[in-house]
Amino acid sequence: MARKRGRGMAGGWYGIARTAAVDRAGTWVEIDDGGTVKVVTGVTEIGEGILTVLAQIAAEEIGVRPQDVVIGDNDTARAPEAAHAGATRQTYMIGNSVAIACREAKARFVQAVAEMWDVDPASIETGNGEVWARDTNWRETMAEAVEHVKKRGVVPVGSASFTAQHTGLDPVDGSGTPWQAYVFGCQVAEVEVDTLTGEVQVLGIWAAHDVGRAVNPRGVEGQIEGGVVQALGQGLMEDYRLEQGHTTTPGFAKYILPTSLDVPHVTSIIVEDRDPIGPLGVKGIGEPAMVPTIPAVMNAIYDAIGVRITSLPATPERIREALVKKRRESMA
């Protein structure tokens, strides 16, 4: 039989928020006229959806709708620096910074409303663009309440800087805590290998990842699916070559990347084990999504045809060569 199926599994972990060097993010927040919320932070949106996530976080913290949140100018000449978009740190570092700033602004707002209504601040609640005092008839829209507290001279603003706990590493033995949070993941891959051509078809990936707390579950699933596809390209197709520091694959014309026909069904399983340090309980899911994919696929190939591929990408030529070597060894 030319085609054989196999399954493989692999796990991985990934550190977020480096502590060997300082990692920090700053934010300014104002509950603005019209009951909107303005968030100013030097965030970098590179297409991963961080602006949506920050709007969701601010909306939940203040008690407004996400469409009532405005992410302000992210030019670091005029906004607090939030550092780079990378290392799976955006939701963790900037999200926590936004949450802390929102809580400070909300505390000023709630105190002003409580004094205006002559009620206990602990009785004030907000949600869906409204503010009310429990067990009373006091209720206003956020727009009305903001107008009233500003007429009393109160501007509900907040600021925050979220910093990873900087411990540094021992210069002699390297001991220490290099990362503040860790995410964990495990994936199972099912493949079908053509023993005549060496071609591998990935039939399915089951990916379970701990993200602390999923602010945007559909976004998390998208990150997992994207990571899996990227890893499949690295593991099975992409062969970037260098000779003496110069690339010999200068264009994409002959550089093989996954297409929609190569993407298997990905079953994403979100695990929420809250981070104990950050105020939101979030962690992150970017690079961690692709960490277990390649070893899971290589283990599945081994399960299918009994040969271990140790050099990437696992091209049809390499698999056929490994199968020929296995046959020769069995006949010797």
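Structural data are supplied above this passage.
Residues numbered from 1 in each chain as written. Predicted model: local features only at pLDDT ≥ 70, side-chain atom pairs only at ≥ 80, totals over all residues. Heavy atoms only, no water.

Caption draft 1: Geometry of the packing of helix α4 (residues 217–236) against helix α5 (residues 293–305). The interhelical angle for the contact between α4 and α5, taken along N-to-C directions, is 55°, at an axis separation of 8 Å. The orientation of α4 relative to α5 falls into the category oblique. Crossing of α4 over α5 shows right-handed handedness. Of the residues in α5, those in contact with V228, A231, L232, Q234, G235 and L236 of α4 are T293, I294, V297, M298 and I301. Class assignment for the residues of the contact of α4 with α5 results in eight nonpolar, three polar and no charged. (Axes fitted to C-alpha atoms, helices over the stretch in contact; angles between N-to-C directions. Helix = DSSP H or I, 4+ residues; strand = E, 2+ residues; numbered from the N terminus. Parallel < 35°, antiparallel > 145°, perpendicular 65-115°, else oblique. Left-handed = near helix turned anticlockwise from the far one by under 90°. Contact = heavy atoms within 4.5 Å. Nonpolar A, V, L, I, M, F, W, Y, C, P; charged D, E, K, R; others polar.)

Caption draft 2: Spatial organisation of the sheet that holds strand β13 (residues 265–271). In space, the four strands of this open sheet follow the order β1-β9-β10-β13, with mixed pairing throughout. Each end of this open sheet is capped by a strand with a single partner; those strands are β1 (3–18) and β13. Neighbour-to-neighbour, the strand axes of this sheet turn through a mean angle of 15°, independent of strand direction. Where β1 lies against strand β9 (residues 179–194), 15 bridges are found, and the strand directions are antiparallel. Across the sheet, residue G12 finds its bridge partner in β9, namely G185. Along the sheet, α4 makes contact with β9, β10 (200–210) and β13, crossing β13 at roughly 130°. (Pairing = 2+ DSSP bridges.)

Caption draft 3: Seen up close, empty space enclosed by the protein. Counted under the stated rule, the structure contains one cavity of 30 Å³ or more. Around the largest cavity sit G12, W13, Y14, V183, F184, G185, H209, P288, V291 and P292, which together line it. Broken down by secondary-structure element, the contributors of at least two residues to the lining of the largest cavity are β1 and β9. When its residues are assigned to classes, the lining of the largest cavity shows seven nonpolar, three polar and no charged. (1 Å grid on protein atoms, 1.4 Å probe; cavity = no way out; pocket = protein on both sides within 12 Å on 5 of 7 lines; lining within 4 Å. Points joined across faces, edges and corners; volume = space filled by probe spheres on them.)

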